[in-house]
Amino acid sequence: MNKFERLKSELAQNGTGKMKAFGSSMLPILKSGSTLTFVRAEGYQIGDIVFCKVKGRYIDAHKVIKMDAHKGYLIANNHGYENGWTRIVYGKVVLGEYQHQVIYRSEVTGAK
């Protein structure tokens, strides 16, 4: 089981889970190697950093930038690259830690 499947399972069973994320697509909000804590929610809002699936591919930490009643959520990185629309969102980041320091914190709203 890869890290995405493990996190997906943790969110389904416990409503929360953790995973390390790598890459520079979310700088300066998140740094490569950040440990992220995710929670499952009833719904997600513009600005939420989410774990989702877009076009059959797992996206571990990108932002919701638009919402549409028919299309779902438009997902993008922090530099304007749009991954695409999805209805498959597993959870959102509520805490980001890098080298044992909190670098990102979000409200736990709509937790399921």
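Preceding this section is the structure that the text describes.
So, here's what we can say about the structure. (Residues numbered from 1 in each chain as written. Predicted model: local features only at pLDDT ≥ 70, side-chain atom pairs only at ≥ 80, totals over all residues. Heavy atoms only, no water.)

1. Some remarks on the overall build of the chain
Within the chain, the secondary structure is distributed over one helix and eight strands. Along the chain, from the amino end to the carboxyl end, the secondary structure elements read α-β-β-β-β-β-β-β-β. In terms of C-alpha radius of gyration, the chain reaches 13 Å, essentially the compact-globule figure of 13 Å for 112 residues. The C-alpha extent of the chain, read off along each of the three principal axes, is 40 × 35 × 30 Å. Relative to its full complement of 112 residues, the chain shows a buried share of 42%. Look at the contacts in the chain between residues 6 or more apart in sequence, and 46% of them connect residues 24 or more apart. For the chain, the accessible surface area stands at approximately 6,300 Å², while carbon and sulfur atoms represent 50% of it. Computed over 17 positive and 9 negative side-chain charges, the inter-centroid distance for the chain is 4 Å. (Helix = DSSP H or I, 4+ residues; strand = E, 2+ residues; numbered from the N terminus. Rg over C-alpha atoms; globule rule 2.2 N^0.38 Å. Buried < 20%, exposed > 50% of the residue type's maximum accessible area, 1.4 Å probe, protein only. Contact = heavy atoms within 4.5 Å. Areas by Shrake-Rupley, 256 points an atom, 1.4 Å probe, with all protein chains shown as cover. Lys, Arg positive; Asp, Glu negative; His and termini not counted. Charge placed at Lys NZ, Arg CZ, Asp CG, Glu CD.)

2. Let's talk about the pattern of salt bridges
Under the defined criterion, the tally for this structure stands at two salt bridges. Between Arg-6 and Glu-10 there is a salt bridge, and its shortest N-O distance comes to 2.8 Å. Of the two residues, Arg-6 and Glu-10 both sit in helix α1 (residues 3-14), four residues apart, roughly one turn of that helix. Lys-92 serves as the salt-bridge partner of Asp-48, at 3.6 Å between the closest nitrogen and oxygen. Of the two residues, Asp-48 sits in the loop between β2 (34-39) and β3 (49-54) while Lys-92 sits in strand β7 (residues 88-98), which places them 44 residues apart along the sequence. (Salt bridge = Lys/Arg side-chain N within 4 Å of Asp/Glu carboxyl O.)

3. Topic: the side chain of His-62
Locating His-62 in the fold gives a position in strand β4 (residues 57-68). On the basis of relative accessibility, which here comes to 9%, the residue His-62 falls in the buried class. When sequence neighbours within four positions are dropped, the list of residues in contact with His-62 reads Ser-25, Met-26, Asp-48, Ile-49, Val-50, Ile-75, Ala-76, Asn-77 and Asn-83.

4. Quick notes on the side chain of Ser-106
Following the sequence through the fold, Ser-106 ends up in the segment after β8 (101-105). Leaving out residues up to four positions away in the same chain, Ser-106 has contacts with Lys-92, Val-93 and Val-94.

5. Here's the deal with the pairing of β7
Regular strands have side chains that alternate between both faces of the sheet. Within β7, eight of the eleven residues are buried, which leaves the element mostly enclosed by the surrounding structure. Where β3 lies against β7, four bridges are found, and the strand directions are antiparallel. Its bridge partner lying in β7, Val-50 is registered against Lys-92. As paired elements, β7 and β8 share four bridges and run antiparallel to each other. Residue pairing for β8: Gly-96 is matched across the bridge by Tyr-104. (Pairing = 2+ DSSP bridges.)

6. Examining the pairing of β4
In terms of strand pairing, β3 meets β4 through five bridges, oriented antiparallel. For Ile-49, the partnering residue across the bridge sits in β4 and is Lys-63. Once β3 ends, the chain turns through two residues before running back antiparallel as β4, passing Lys-55 with a positive phi of about 50 degrees. Strand direction decides the pairing type here: β4 and strand β5 (residues 72-76), joined by five bridges, are antiparallel. Bridge pairing in β5 links Lys-66 to Leu-74. The hairpin turn running from β4 into β5, its antiparallel successor, is three residues long.

In short, the description is geometric, and any link to function would need to be established separately.
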